[in-house]
Amino acid sequence: MVRRYMLNSEKPAKITSTVERKDVLSGATIVICTIGVGSRRAWEQDVFVPRQFGINQPVGDSVMPGGVSRAMRMIPPMLDIATDVERLCPNAWFINYSNPMTAVVRALRRETSLPVFGLCMGTEETIHFLTEIAGVPREEVTARWAGVNHLTWIYELRRNGKDLWPVIRTKLAEMRANGIDHDSWANAWGQSRNPGMLTHPFSWELFDEFGAFPAPMDRHVTEYFPARFPGGNYYGSVLGVDAYSFERTIAGGDKIYDDTLAIAQGEGPIDDERLKSTGGEHMQTLDILDSFWHDRRRMYAANVPNNGCVSNLPKDAVLEVPAIATADGMVAPPIGELSIPLTSVLLRRLAAVEATVEAAVSGSRKMYTEALILDGGVSDYCLLYTSDAADDSIRV
C-alpha cells in the first residue's frame with residue numbers, strides 16, 4: 001500500500017520491506033516502532049477473559065488486567081528490537097507507538113541506553129475537544145499538562161494568555177442543564193450525537209474534583225479508576241459492552257485492515273480520498289522529525305523520563321508531558337510540582353507500572369500477580385493466588 005501511495009507523491013521515497021529487522025536497522029537514523037503481538041485476536045482475550053470475572057474494560061491496552069496482560073506480550077519483543085537498535089544504530093531516535101505506552105517506554109529506558117520516547121495523540125485531541133467547547137480557535141490556545149499515557153491531566157488552558165477555565169465551566173453548566181448524552185457512547189469513541197448535551201461525564205467529574213481535565217477522556221480514563229465502576233457500571237450502561245463497545249472497536253479495526261489489504265493488492269496510484277478511508281490516527285511524526293532536523297523547537301505531548309520535569313514525582317518515571325523537539329532530541333522543560341491530589345493518583349499508577357515492567361522482564365508469576373493487585377482492577381486476592389503452577393514463571 002505504501003509503494004502504491006508513493007506513486008501519488010511529489011517526492012516519492014524508496015520503500016524497502018523485510019521480515020528480518022537487522023537488514024534495515026544498520027545505520028538507521030530514525031526507528032519508528034509499533035507492534036501488536038497477537039494482533040486483535042490476542043487483544044480480544046485481554047478483555048474477554050477478565051469480563052468472565054466481572055471486570056469490564058472498554059479498551060484493555062494500558063491498565064487493569066487487559067493492559068497488564070498486554071505488557072507481558074509486548075515488553076520482551078520490544079526489548080529484543082531495542083537491543084538490536086542499540087547494537088546496529090545506537091544513535092538513532094527510537095519512537096514508540098506501542099501500548100501499553102508507559103510500561104513499554106519505561107522498560108526500554110530501564111533496560112537499554114537508547115533515547116526512547118513515546119507518542120500518542122490523546123492529549124492533543126483532548127485539547128481540541130476543550131477548545132471546541134469553549135468556541136475558540138485551537139491555534140490561539142496554549143495548555144500545560146502532566147500525567148501518564150491515557151491519564152494525562154490538562155491543568156492549564158489559556159487563550160492568548162487568558163485563563164480559559166471560567167469559559168469552560170460556564171459551558172459545562174449549560175451542558176449539564178441539558179443532560180447527559182447517553183447516545184454518545186453507543187460508538188467506540190464517545191462522540192456527541194446531541195450537540196449541547198454532556199459527553200464524557202466521568203472526566204468532567206474529575207475536573208470538578210481535581211481542577212484539571214483528564215486526557216483522553218472517559219473511554220480510557222475510566223480504566224484508571226476501576227473502583228468507581230464496579231461491574232463496569234457506567235451511568236446506567238456497562239463499560240466495553242454498550243458504553244464504548246469493545247466489540248465495535250475490534251470490528252472497526254478488522255475492517256480497516258481488510259480495506260488496507262484491498263488497497264495494497266490493487267493496481268495503479270491511490271487517490272487521497274481512498275487512502276483516508278482506511279482510517280488511522282495520522283500521527284505527527286514527520287512534523288517532529290522536521291523539528292529535530294531543523295531545530296524548530298516545536299512542542300508536543302511526549303512520553304519521556306521525568307528527570308525532574310515534575311519535581312514531586314520519581315525522576316525515572318515515564319511521564320506524558322510537554323516536550324520540545326530540538327536538534328538534541330525531545331527535551332521536557334521543568335514544570336515544578338503538581339498538586340498533592342494529582343500526585344497521589346499518579347504515584348499509585350507509577351508503582352503499578354514498575355511492578356508490570358519487572359514482571360515482564362523477569363517472567364515472575366508472583367510479580368505479575370503483584371502488578372495486577374497494585375493496578376487496582378482486581379479485588380479478589382484469593383482468586384489471584386490460587387494456582388496449580390509448578391513454578392514461579394509465566395510464559396510470554
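In this report, we go over the structure that sits alongside the text. What you see is a predicted model, and the numbers here were worked out from it, not measured in a lab. (Residues numbered from 1 in each chain as written. Predicted model: local features only at pLDDT ≥ 70, side-chain atom pairs only at ≥ 80, totals over all residues. Heavy atoms only, no water.)

## Examining the packing of aromatic side chains
Logical step 1: Tallied over the entire structure, the rule returns 19 aromatic pairs.
Logical step 2: Look at Phe117 and Phe292: their rings are 5.9 Å apart centre to centre, the planes differ by 90°, and that puts the pair in the edge-to-face class. You can see Phe117 sitting in strand E3 (residues 116-119) and its partner Phe292 sitting in helix H12 (residues 285-294), a full 175 residues away along the chain.
Logical step 3: The buried category is assigned to Phe117, whose relative accessible area is 2%.
Logical step 4: Between Phe202 and Phe225 the ring centres are 5.5 Å apart and the planes differ by 70°, which places this aromatic pair in the edge-to-face class. In this pair, Phe202 sits in helix H8 (residues 201-210) while Phe225 sits in the loop between helix H9 (218-221) and strand E8 (233-234), placing the two residues 23 residues apart along the sequence.
Logical step 5: Judged by its relative accessible area of 2%, Phe202 is buried.
Logical step 6: You can call Phe225 buried: its relative accessible area is 9%. (Phe/Tyr/Trp six-rings, centres within 6.5 Å; stacked < 30°, edge-to-face > 60°. Helix = DSSP H or I, 4+ residues; strand = E, 2+ residues; numbered from the N terminus. Buried < 20%, exposed > 50% of the residue type's maximum accessible area, 1.4 Å probe, protein only.)

## Considerations on the packing of helix H13 (residues 340-362) against helix H14 (residues 365-375)
Two measures define how a pair of helices packs: the angle their axes make with one another and the distance between the axes.
Logical step 1: For the pair H13 and H14, interaxial distance at closest approach is 8 Å and the crossing angle is 160°. For the element pair H13 / H14, the angle class is roughly antiparallel. Of the two elements, H13 crosses H14, and the hand of that crossing is left-handed. Facing Arg348, Arg349, Ala351, Ala352, Ala355, Thr356, Glu358 and Ala359 of H13, the residues of H14 in contact are Met367, Tyr368, Ala371, Ile373, Leu374 and Asp375. (Axes fitted to C-alpha atoms, helices over the stretch in contact; angles between N-to-C directions. Parallel < 35°, antiparallel > 145°, perpendicular 65-115°, else oblique. Left-handed = near helix turned anticlockwise from the far one by under 90°. Contact = heavy atoms within 4.5 Å.)

## Here we look at helix H6 (residues 122-134)
Logical step 1: Helix length check: H6, at 13 residues, gives a terminal C-alpha distance of 19 Å against a target of 18 Å (1.5 Å per residue), a fit within 8%.
Logical step 2: Regarding H6, the residues found buried are Gly122, Thr123, Thr126, Ile127, Phe129, Leu130, Thr131, Ile133 and Ala134.
Logical step 3: Remark: Gly135 follows H6 within two positions and exhibits a positive phi of approximately 75°. (Expected span 1.5 Å × (residues − 1).)

## Concerning the pairing of E3
Sheet faces and side chains relate simply in a regular strand, where the side chains alternate between the two faces.
Logical step 1: By the alternation rule, side chains of E3 split into Val116 and Gly118 and Phe117 and Leu119, which are all buried.
Logical step 2: The pairing of strand E2 (residues 93-96) with E3 spans three bridges and is classified as parallel. The partner of Ile95 across the bridge, within E3, is Phe117.
Logical step 3: Inspection of the sheet shows E3 paired to strand E10 (residues 298-305) by two bridges, in the antiparallel sense. (Pairing = 2+ DSSP bridges.)

## Details of the nonpolar core
One recurring pattern in soluble globular proteins: nonpolar side chains tend to sit buried together.
Logical step 1: Ile75, Phe94, Trp153, Phe225, Val310 and Met330 are the most contacted members of the largest nonpolar core, which totals 81 residues.
Logical step 2: With eleven residues, helix H4 (residues 64-88) is the largest single contributor of residues to this core.
Logical step 3: Sequence-distant contacts of Phe94, defined by excluding residues within four places in its chain, comprise Val31, Cys33, Met78, Ile81, Ala82, Val85, Leu108, Leu114, Pro115, Val116 and Phe117.
Logical step 4: In this structure, Phe129, Val136, Trp165 and Phe207 belong to the second largest nonpolar core, which totals 23 residues. (Core = buried A, V, L, I, M, F, W, Y, C linked by side-chain atoms within 4.5 Å.)

## Quick word on the side chain of Ser245
Logical step 1: Note on placement: Ser245 falls in the loop between strand E9 (237-238) and helix H10 (246-264).
Logical step 2: Note on Ser245: relative accessible area 3%, which makes it buried.
Logical step 3: Polar side-chain contacts of Ser245 include one of 3.3 Å to the backbone nitrogen of Glu247. (Polar contact = N/O pair within 3.5 Å; in protein donor to acceptor, adjacent residues only side chain to side chain.)

Worth remembering: the numbers are spatial, not functional.
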